[in-house]
Amino acid sequence: MAEQPIAIAIHGGAGTIERDQLGTEREQAIRTALESAVNAGHAILEEGGSSLDAVAAAVRILEDAPEFNAGRGSVLTNQGRVEMDASIMSGKNLDAGAVASVRGIRNPIEAARLVMTDSPHVMLIGEGAETFARNRQLQFEDDEWFKTDFRRDQLEEIKSSDQAATQLSEDWYSTVGAVAVDRDGNLAAATSTGGMANKRWGRVGDSPIIGAGTYANNRTCAVSATGHGEFFIRHVVAYDICARMAYTGKPLVETADEVVNEVLKDAGGNGGVIAIDQHGRITMPFNTAGMYRAAIHGDGQLEVAIYADEKGHSPEP
Ligand code: ASP
C-alpha cells in the first residue's frame, strides 16, 4: 500500500497585493517568512508529528513575523489598539478551539489550542480568554510590542482617506493560516488574525469562527480562509467547501474554486482560502490580486507565491 502522504499549506493573507506597491525588500521578507513557516510545519510532519502540531507551529511563526496581520504586526483598531482572533480545528474528531478579541497574548493560536484541549468550550473572548491564557502560563506582551510603524502609518492613512467612511480597511488582508495532513491521515486547520484595520465596536471577523474562517474534517478537507470576514461568515465558507465535497463527491480543487470564485465573488466577497484533503492534495484559490501563500506538496516540492500569475505546483494525485 502506498504510504500516506504528508503535506502542508500556509497563507499570509489575500488582497490588493501589487508588485509595485509591495517593494522588493518587503516582498523578500514575506517570502522568507512564508518559507520558514512552511518548513517548520513540514519538519514536524516528517518526524511523524501531528497535523495539529504542524499547523500550530507554522501559524506561531507567522504570528511572530511582523510582516503579517496576526500576533506582532497585527492591524490597529480605530482606537489604535491590537485585538486578535484565532482558531484551530482537528479533522480527526472535530475538536476545535478559538479566541476572539484578545489583547496581549503573544501567540493567540496557542490560546485557541488550549481552549480546545484544556477547556470544555470552543470559543472564549476578551478578558475571559486572557484570564484563561494567563492561568495556562501563556506568554503576554505589552500592547506596544505588537504595534509596527507600518500598521501605525496604515491606520493614519485609512483615517485620512475615503476608506474611513466604510470604517474598515478592505484593500489589504494579511491574516495567517495553515492546513496540513499527517502520516496518520489526520487533517488540521488553523487561522490567526488582527482582524481588519480601523475596526470598531469589538468587531470580530471570520477567522475565529469555526465553519467560517477555519474548518477541518477528515472525511473531506481542512480549510483556512482570509479576506473580508463578514462575507466569509455569511457564506460559512470553510464549512461550505467541506460540506459540498461531502454532499456532491466532487474533488477538493473544483469545490474550493466554486466557493471562492463563484459564490463568494458573486456576493462581492474578496479573499481566498488554502485547503487540503487526506490525499495531500492542496489548493489555494483566491479572487483578489494576490495571496501570500506557500506549500510543501505530497511529493516534497516547495511552493512560495504571492501574485495571481505565479503558477502553482500541483502534483499528479
Ligand atoms: N478575515 C479577516 C477578518 O475579516 C481579515 C483577513 O483575512 O485579513 O477579520
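Remember, it's a predicted structure, so these values are computed and weren't measured experimentally.

A. Just the pairing of strand 2 (residues 84-90), in detail. Along strand 2, seven of the seven residues are buried, which leaves the element largely enclosed by surrounding structure. Of the two faces of strand 2, the one carrying Met84, Ala86, Ile88 and Ser90 and the one carrying Asp85, Ser87 and Met89 are both buried. As paired strands, strand 2 and strand 3 (residues 96-102) are joined by five bridges and run antiparallel to one another. When the sheet's bridge partners are listed, Met84 is paired in strand 3 with Val102. Between strand 2 and strand 3, which follow one another and run antiparallel, lie five residues, and Leu94 among them has a positive phi close to 65°. Alignment of strand 2 against strand 6 (residues 187-193), held across six bridges, turns out to be antiparallel. Of the residues in strand 6, the one forming a bridge with Asp85 is Thr193.

B. Summary view of the nonpolar core. By size, the foremost hydrophobic cluster in this structure holds 52 residues, and its most contacted members are Ile8, Ile10, Leu34, Phe68, Ile88 and Tyr292. The element contributing the most residues to this core is helix 3 (residues 51-64), with seven residues. Those residues in contact with Leu34, other than ones at most four positions away along the chain, are Ile10, Gly12, Leu62, Phe68, Tyr292, Arg293, Ala294, Val304 and Ala305. By size, the runner-up hydrophobic cluster in this structure holds 36 residues, among which are Ala14, Val223, Phe232 and Met291.

C. Examining the packing of helix 2 (residues 24-46) against helix 3 more closely. Packing of helix 2 against helix 3 leaves a shortest axis separation of 8 Å and a crossing angle of 160°. Considering their axes alone, helix 2 and helix 3 lie roughly antiparallel with respect to each other. Seen along the crossing, helix 2 lies across helix 3 with a hand that is right-handed. Residues Ala33, Leu34, Ser36, Ala37, Ala40, Gly41, Ile44 and Leu45 of helix 2 pack against Ser51, Asp53, Ala54, Ala57, Ala58, Ile61 and Leu62 of helix 3. Broken down by class, the residue content of the contact of helix 2 with helix 3 amounts to eleven nonpolar, three polar and one charged.

D. How the structure looks around helix 2. Given a rise of 1.5 Å per residue, 23 residues ought to cover 33 Å, and the 32 Å separating the end C-alpha atoms of helix 2 matches this to within 8%. Considered for burial, the residues of helix 2 that qualify are Arg26, Glu27, Ile30, Arg31, Ala33, Leu34, Ala37, Val38, Gly41, His42 and Leu45. Remark: Gly48 follows helix 2 within two positions and exhibits a positive phi of approximately 90°.

Rules and cut-offs
Residues numbered from 1 in each chain as written. Predicted model: local features only at pLDDT ≥ 70, side-chain atom pairs only at ≥ 80, totals over all residues. Heavy atoms only, no water. Buried < 20%, exposed > 50% of the residue type's maximum accessible area, 1.4 Å probe, protein only. Helix = DSSP H or I, 4+ residues; strand = E, 2+ residues; numbered from the N terminus. Pairing = 2+ DSSP bridges. Core = buried A, V, L, I, M, F, W, Y, C linked by side-chain atoms within 4.5 Å. Contact = heavy atoms within 4.5 Å. Axes fitted to C-alpha atoms, helices over the stretch in contact; angles between N-to-C directions. Parallel < 35°, antiparallel > 145°, perpendicular 65-115°, else oblique. Left-handed = near helix turned anticlockwise from the far one by under 90°. Nonpolar A, V, L, I, M, F, W, Y, C, P; charged D, E, K, R; others polar. Expected span 1.5 Å × (residues − 1).

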